[in-house]
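Residue-level listing of the chains:
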Amino acid sequence: MSSYSDVQRAVRVEKFRIWFAWVCAGVIALIVGRAVAGLGVVGTVVQVLAAAGWLALTVAAFRMTGALNRRAEAARREVLGGDYPG
């Protein structure tokens, strides 16, 4: 069984990785969107797809962060017992 501090550290690292990847994907989408801006209809389609992909990544990042928070909460309850009010 891992200690609570190990779980907390792992959760913090994973959250950083999730949001760092989200920022990188957003920057890449902006670069691609800027590059195809002058291509007319094709550029517009690519920009709409990039926006939809960014929205899907945002939803996934929030869901993954929530799952990590629930895992940390379960580890906290395990360490502190059932009397923990949080």
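Predicted model only: the values in this text are computed from it and were never measured.

(A) Just the overall build of the protein, in detail. Looking only at helices and strands, one finds two helices and zero strands in the protein. For the protein, the C-alpha radius of gyration of 19 Å lies well beyond 12 Å, the compact-globule estimate for 86 residues. The principal-axis extent of the C-alpha atoms belonging to the protein is close to 60 × 20 × 15 Å. Looking at the protein residue by residue over its 86 residues, the buried ones come to 19%. Sequence-distant contacts in the protein: of pairs separated by 6 or more residues, those separated by 24 or more amount to 67%. Surface accessibility of the protein: about 6,300 Å² in total, with carbon and sulfur atoms responsible for 69%. One finds the centroid of the 10 positive side-chain charges in the protein at a distance of 12 Å from the centroid of its 5 negative side-chain charges.

(B) Expanded view of helix α1 (residues 4-35). For α1, with 32 residues, the first-to-last C-alpha span of 46 Å sits near the 46 Å given by 1.5 Å per residue. The elements touched by buried residues of α1 are α2 (41-80).

(C) Inspection of the packing of α1 against α2 at higher detail. Contact geometry of α1 with α2 gives a least axis separation of 10 Å together with a crossing angle of 175°. Our classification of the angle between α1 and α2 gives roughly antiparallel. When grouped by side-chain class, the residues that make up the contact of α1 with α2 number 20 nonpolar, six polar and three charged.

Rules of the game
Residues numbered from 1 in each chain as written. Predicted model: local features only at pLDDT ≥ 70, side-chain atom pairs only at ≥ 80, totals over all residues. Heavy atoms only, no water. Helix = DSSP H or I, 4+ residues; strand = E, 2+ residues; numbered from the N terminus. Rg over C-alpha atoms; globule rule 2.2 N^0.38 Å. Buried < 20%, exposed > 50% of the residue type's maximum accessible area, 1.4 Å probe, protein only. Contact = heavy atoms within 4.5 Å. Areas by Shrake-Rupley, 256 points an atom, 1.4 Å probe, with all protein chains shown as cover. Lys, Arg positive; Asp, Glu negative; His and termini not counted. Charge placed at Lys NZ, Arg CZ, Asp CG, Glu CD. Expected span 1.5 Å × (residues − 1). Axes fitted to C-alpha atoms, helices over the stretch in contact; angles between N-to-C directions. Parallel < 35°, antiparallel > 145°, perpendicular 65-115°, else oblique. Nonpolar A, V, L, I, M, F, W, Y, C, P; charged D, E, K, R; others polar.

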